[in-house]
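Residue-level structural notes
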Amino acid sequence: MKNCHLLHVCCAPDLAISYLSGARGDIFFYNPNIHPKAEYEKRYAEVIKIAALFKMNVLKVPYNPDLFFKLTKGLQNEPEGGTRCEICIRMRLEKTMEYAKENGYKSVSTTLTASPKKNVAMIVKIGKELEKKYGVEFLPNVYRKSPLYNDAQKLIRKMGIYRQNYCGCIFSIRNSVIVATQETKTVKSGVEV
Ligand code: SF4
């Protein structure tokens, strides 16, 4: 039987957390922000593993990074959580909503709310704006609040699931390198371990 809920999935670890928080439905892995393509393929392959474990259906979505670069032109120096991220999240949720509307899904939610680094208020605001535009309900589920959060982390470790060390776009790779360099300097100077 066809699912009536469409779950936007950003990565395998967040899918595991979200599933243990009660997330169900068909998986829509739409993330053209991820760079480079090899990283996109790697994250997608990990999502397939978790989906198989939970017997979830994964919809194949083409990788089209041009749209991400077009929408975020000139915003490469924005801090994480700023305007560029708002545009990125809106792009992903809008495509999910469009697909849901065209294919008869009744509701949408996103595993982006499983990440402790994401601004849930921003995600819900975007989701609710899109709900009005497309007439598909956006469920404001905050998957990171699950009491099984630690169990999900154990499961991810046990399955050897890849955990990325940057959010996804080319700009966040640069940020993660800067943060890692700063942390190394701090450890070397003995200020903090
Ligand atoms: S940092 Fe993450 S949310 Fe922000 S633009 Fe890059 S991929 Fe998107």
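Quick caveat, the model's predicted, so the values are computed rather than measured.

With that out of the way, let us pick up helix H6 (residues 149-158). Within the span of H6, buried status applies to Ala152, Gln153 and Ile156. Taken down its axis, H6 places every buried residue within 100° of arc, on the same side. Residues Asn150, Lys154, Arg157 and Lys158 are exposed on H6 and point more than 90 degrees away from its buried face. In this fold, the buried residues of H6 make contact with helix H1 (12-20).

The immediate surroundings of the ligand are formed by Asn33, Phe68, Glu80, Arg84, Cys85, Cys88, Arg92, Cys167, Cys169 and Ser172. Placement of the ligand is best described as lying within the largest pocket. Broken down by element, the shell around the ligand gets its largest block of residues, four residues, from helix H4 (residues 83-102). Here the residues of the shell around the ligand sort into five nonpolar, two polar and three charged.

Below, the discussion takes up the packing of H4 against helix H5 (residues 120-134). For the pair H4 and H5, the least separation of the axes is 10 Å and the interaxial angle reads 35°. Seen from above, H4 lies across H5 with right-handed handedness. Together, Glu86, Ile89, Arg90, Leu93, Glu94, Met97, Glu98 and Lys101 of H4 and Met122, Ile123, Lys125, Ile126, Gly127, Glu129, Leu130, Glu131, Lys133 and Tyr134 of H5 make up the contact between the two elements. In terms of residue class, the contact of H4 with H5 is made up of eight nonpolar, one polar and nine charged.

A separate point is unusual backbone geometry. Residue Pro36 follows His35 across a cis peptide bond; omega there is -5°. By the secondary structure assignment, Pro36 is in the loop between strand E2 (26-28) and helix H2 (37-53). A positive phi angle, near 55°, is found at Lys55, a position not held by glycine. Within the secondary structure, Lys55 is located in the loop between H2 and strand E3 (58-59). Classification of Lys55 by relative accessible area gives exposed; the value is 76%.

Okay, the sheet that holds strand E1 (residues 5-8) next. The five strands are arranged E3-E2-E1-E4-E5 in an open sheet whose pairing can be described as parallel. Two strands bound the open sheet, and with one partner strand each, they are E3 and strand E5 (137-138). Pairing of E2 with E3 involves two bridges; the strand directions are parallel. Bridging across to E3, Ile27 finds its partner in Val58. Here H4 sits on the sheet and contacts E1, E2, E3, strand E4 (107-110) and E5; the angle it forms with E1, its principal contact strand, is near 160°.

Let us now look at the packing of H1 against H6. Axes are the key here: two packed helices are described by the angle between their axes and the distance separating the axes. One can describe the packing of H1 onto H6 by two numbers: an axis separation of 9 Å at closest approach and a directional angle of 140°. With respect to each other, H1 and H6 are oriented oblique. As for the relative orientation of H1 and H6, their crossing is right-handed in sense. Two secondary-structure elements touch here, H1 through Pro13, Ala16, Ile17 and Leu20 and H6 through Tyr149, Asp151, Ala152, Gln153 and Ile156. Across the contact of H1 with H6, the residue classes break down as seven nonpolar, one polar and one charged.

Thresholds, definitions, all that
- Residues numbered from 1 in each chain as written.
- Predicted model: local features only at pLDDT ≥ 70, side-chain atom pairs only at ≥ 80, totals over all residues.
- Heavy atoms only, no water.
- Buried < 20%, exposed > 50% of the residue type's maximum accessible area, 1.4 Å probe, protein only.
- Helix = DSSP H or I, 4+ residues; strand = E, 2+ residues; numbered from the N terminus.
- Arc of directions from axis to C-beta.
- Contact = heavy atoms within 4.5 Å.
- Near = heavy atom within 4 Å.
- 1 Å grid on protein atoms, 1.4 Å probe; cavity = no way out; pocket = protein on both sides within 12 Å on 5 of 7 lines; lining within 4 Å.
- Sits in = over half its atoms within 2 Å of the grid points.
- Nonpolar A, V, L, I, M, F, W, Y, C, P; charged D, E, K, R; others polar.
- Axes fitted to C-alpha atoms, helices over the stretch in contact; angles between N-to-C directions.
- Left-handed = near helix turned anticlockwise from the far one by under 90°.
- Pairing = 2+ DSSP bridges.
- Parallel < 35°, antiparallel > 145°, perpendicular 65-115°, else oblique.

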